[in-house]
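# Examining the three-dimensional arrangement
Chain by chain, the residues run as shown.
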Amino acid sequence: MTQEIAYPALYLKRNEDARLRAGHLWVFSNEVDVKRSPLTEFEPGEICVIVDAHDKPLGLGYVNPNSLIAARLVNRGTAHALDRSLLVHKINVALSLRERLYAEPYYRVVFGEADGLPGLTVDRFGDVLVAQTTTAGMERLKDDIAAALVKVLKPAALVWKNDAGSRAMEQLPEYADIGYGELTAPVLVREGGLEFEIDPIGGQKTGWFYDQRANRDLLAPVHGKSLVRDARVLDVFSYLGGWGLRAAAAGAREVVCVDASAAAVEAIGRNATRNGLSERVSAVKADAFDHLKALRDARERFDVVILDPPAFVKRKKDFVEGRLAYRRIAEMGMQILARDGILITCSCSYHMPRAALLDAVQQGARHLDRSVQVLAQLQQAPDHPVHPAIPETDYLKGCICRVLPS
Ligand code: SAH
């Protein structure tokens, strides 16, 4: 093996290189030839050369001996060291996609595996970056990542929002802090001509759900028509009111947002005022299931109901229960829909397949003796590109449905 870069080798067992060659980036612990390269000899996050059973190097990656995913491939081939300049290159490649898609600097600039940077997520809010590492390998590269991001994007501040529960699988602590620069003013995101104030340190995930932007765009008028024009709209699991405020801006007559988070509900009020929409938008702090039930009991009716919940199927073993929750809320949503209403329902659970979500909606509809027409199937926005070899990168699904009596 001619190997110019001195990284330790992680040897795969025979034939265990096939998935990597087919495009995937993960090495599971049972695929490692631990006789040749004991996992225990690696430190969590250590950079390695991933080598097949015939001694051919596949590329550079990093190891976590404590994780089921023992290694992730970061770069094919061994011509370039896994260093700051490789990170700069990869961030530039990722950035050029977003610059093709969006005129303004508000987007997910790095989406992990799909951008060849497994374990790293970076969202851009103008001159503020919010980054997240979910693997020991990326955590170890933090200083280089920060330097590369500063070089490419010249932000005023970089926040590390490293509080995802999934970090526990890599035995990483949870924290959120400022990694570079300072936050001097409220952080804003611009979407669909609106401005939303977000909280990059205390907010949910990175502070904003860019993955739904293209779907929220579907509320805006096309062919001179909008699904929400003059409608009474309910935005359930609204967070900062992304869907609800976009609906109001698209001409909804009245919008009610519902979320369990007091901070989110307060922010909706400020965001509505900021965009001159406060007369038509209200927000309720409540449990979605309880509130949907209360609305049903009060015989309230909405023309459009939007359901964008947190992941109900976080792990594969939660599927049966989670699937039921998707069905239950779809059904509850339909119960408060006006005759011939529109239901928009979504799932960000990777373990909830698209077909299962549609099925849940259909079953809920039949239970209520309604019928459904699917007008659009939704997926994550293109700043969250799907890696075709890695199904886990294709996680967001949803549908826009017309709900008719029987
Ligand atoms: N629709 C949002 C994203 C929703 S994220 C957008 O487009 O930006 C999920 C939201 O559900 C979070 O804001 C969380 O506070 C809220 N949530 C979680 N469980 C809830 C429950 N049981 N009832 C109401 N809201 C809930």
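For the structure given in this document, a descriptive report is provided here. (Residues numbered from 1 in each chain as written. Predicted model: local features only at pLDDT ≥ 70, side-chain atom pairs only at ≥ 80, totals over all residues. Heavy atoms only, no water.)

## With respect to the environment of Pro-105
- Within the element layout of this structure, Pro-105 appears in the loop between α2 (84–101) and β6 (106–111).
- Spatially, the C-alpha atoms of Pro-105 and Arg-190 are 8.8 Å apart, while their sequence positions differ by 85 residues.
- Apart from residues lying up to four places away in sequence, Pro-105 is in contact with Arg-124, Phe-125 and Gly-126. (Helix = DSSP H or I, 4+ residues; strand = E, 2+ residues; numbered from the N terminus. Contact = heavy atoms within 4.5 Å.)

## Points about the site of the ligand
- Not every one of the 15 residues close to the ligand is listed here, only the nearest: Arg-216, Asp-259, Asp-287, Ala-288 and Asp-308.
- At 2.6 Å from an oxygen atom of the ligand is found a side-chain nitrogen or oxygen belonging to Arg-216.
- Within the backbone of Phe-237, one N or O atom sits 2.9 Å away from a nitrogen atom of the ligand.
- Within the complex, 88% of the 570 Å² of free accessible area of the ligand lies under protein.
- Its residues assigned to classes, the shell around the ligand shows eight nonpolar, three polar and four charged. (Near = heavy atom within 4 Å. Polar contact = N/O pair within 3.5 Å; in protein donor to acceptor, adjacent residues only side chain to side chain. Areas by Shrake-Rupley, 256 points an atom, 1.4 Å probe, with all protein chains shown as cover. Nonpolar A, V, L, I, M, F, W, Y, C, P; charged D, E, K, R; others polar.)

## Examining the sheet that holds β6
- Pairing is mixed in the open sheet, where five strands are placed in the order β6-β7-β8-β9-β10. Edge positions in the sheet fall to β6 and β10 (175–181), since each has one partner strand and no second. Each strand of the sheet is rotated relative to its neighbour by a mean of 20°, with strand direction disregarded.
- Against the sheet, helix α4 (residues 142–153) touches β6, β7 (120–125), β8 (128–133), β9 (157–162) and β10, its axis set at about 140° to β9. (Pairing = 2+ DSSP bridges. Axes fitted to C-alpha atoms, helices over the stretch in contact; angles between N-to-C directions.)

## What to know about the packing of aromatic side chains
- The tally for this structure, following the rule as stated, stands at nine aromatic pairs.
- Look at Tyr-102 and Tyr-107: their rings are 5.8 Å apart centre to centre, the planes differ by 25°, and that puts the pair in the stacked class.
- Centroid distance Phe-312 to Tyr-326: 4.8 Å. Interplanar angle 55°. Geometry classified as tilted. Of this pair, Phe-312 sits in the loop between β16 (302–307) and α9 (319–335) while Tyr-326 sits in helix α9; the two residues are 14 residues apart in sequence, bridging distant segments of the chain. Like Tyr-326, Phe-312 is buried.
- Through a chain of ring-to-ring contacts, the aromatic side chains of Phe-237, Phe-289, Phe-312 and Tyr-326 assemble into a single cluster.
- Against the face of Tyr-11 rests Arg-36, its NZ or CZ located 3.8 Å from the ring centre.
- The cationic tip of Arg-213 hangs over the ring face of Tyr-102; the distance from NZ or CZ to the ring centre is 4.0 Å. (Phe/Tyr/Trp six-rings, centres within 6.5 Å; stacked < 30°, edge-to-face > 60°. Buried < 20%, exposed > 50% of the residue type's maximum accessible area, 1.4 Å probe, protein only. Lys NZ or Arg CZ within 6 Å of the ring centre and 35° of its normal.)

## Remarks on the packing of helix α8 (residues 288–297) against α9
- Across the interface, α8 lies against α9 with an axial gap of 9 Å and an inter-helix angle of 30°. Here α9 runs roughly parallel to α8, going by the angle between their axes. The element α8 and its partner α9 pack so that their crossing is left-handed. Contacts between α8 and α9 involve Phe-289, Leu-292, Lys-293 and Arg-296 on the former and, on the latter, Ala-325, Arg-328, Ile-329, Met-332 and Gln-335. (Parallel < 35°, antiparallel > 145°, perpendicular 65-115°, else oblique. Left-handed = near helix turned anticlockwise from the far one by under 90°.)

## Regarding the pattern of salt bridges
- Counting across every chain of the model gives 30 salt bridges.
- The shortest N-O distance in the salt bridge between Arg-140 and Glu-43 comes to 2.9 Å. Placement of the pair is Arg-140 in helix α3 (residues 136–140) and Glu-43 in the loop between β2 (26–28) and β3 (47–51), with a sequence separation of 97 residues.
- Two residues, Arg-274 and Glu-197, come together in a salt bridge whose shortest N-O distance is 3.5 Å. Of the two residues, Arg-274 sits in helix α7 (residues 262–274) while Glu-197 sits in strand β12 (residues 194–198), which places them 77 residues apart along the sequence.
- Here the salt bridges share partners, and the residues they tie into one network are Glu-104, Arg-190, Glu-195, Glu-197, Arg-270 and Arg-274. (Salt bridge = Lys/Arg side-chain N within 4 Å of Asp/Glu carboxyl O.)

## Focus on the sheet that holds strand β18 (residues 370–379)
- With respect to topology, seven strands assemble into an open sheet ordered β15-β14-β13-β16-β17-β19-β18, the strand pairing being mixed. Only two strands of the sheet have a single partner each, and these edge strands are β15 (281–285) and β18. For this sheet, the mean angle separating the axes of adjacent strands, direction not counted, is 15°.
- Where strand β13 (residues 232–236) and strand β14 (residues 254–259) come together, five bridges link them in parallel fashion. The residue bridging Val-233 from the neighbouring strand is Val-255, located in β14.
- Packing against the sheet, helix α6 (residues 242–249) makes contact with β13, β14, β15, β16, β17 (337–347) and β18, and its axis sits at approximately 175° to β14.
- Contacts between α7 and the sheet are confined to β14 and β15, with β15 contributing the most and set at about 170° to the helix.

Spatial relationships are all this shows, so hold off on functional conclusions.
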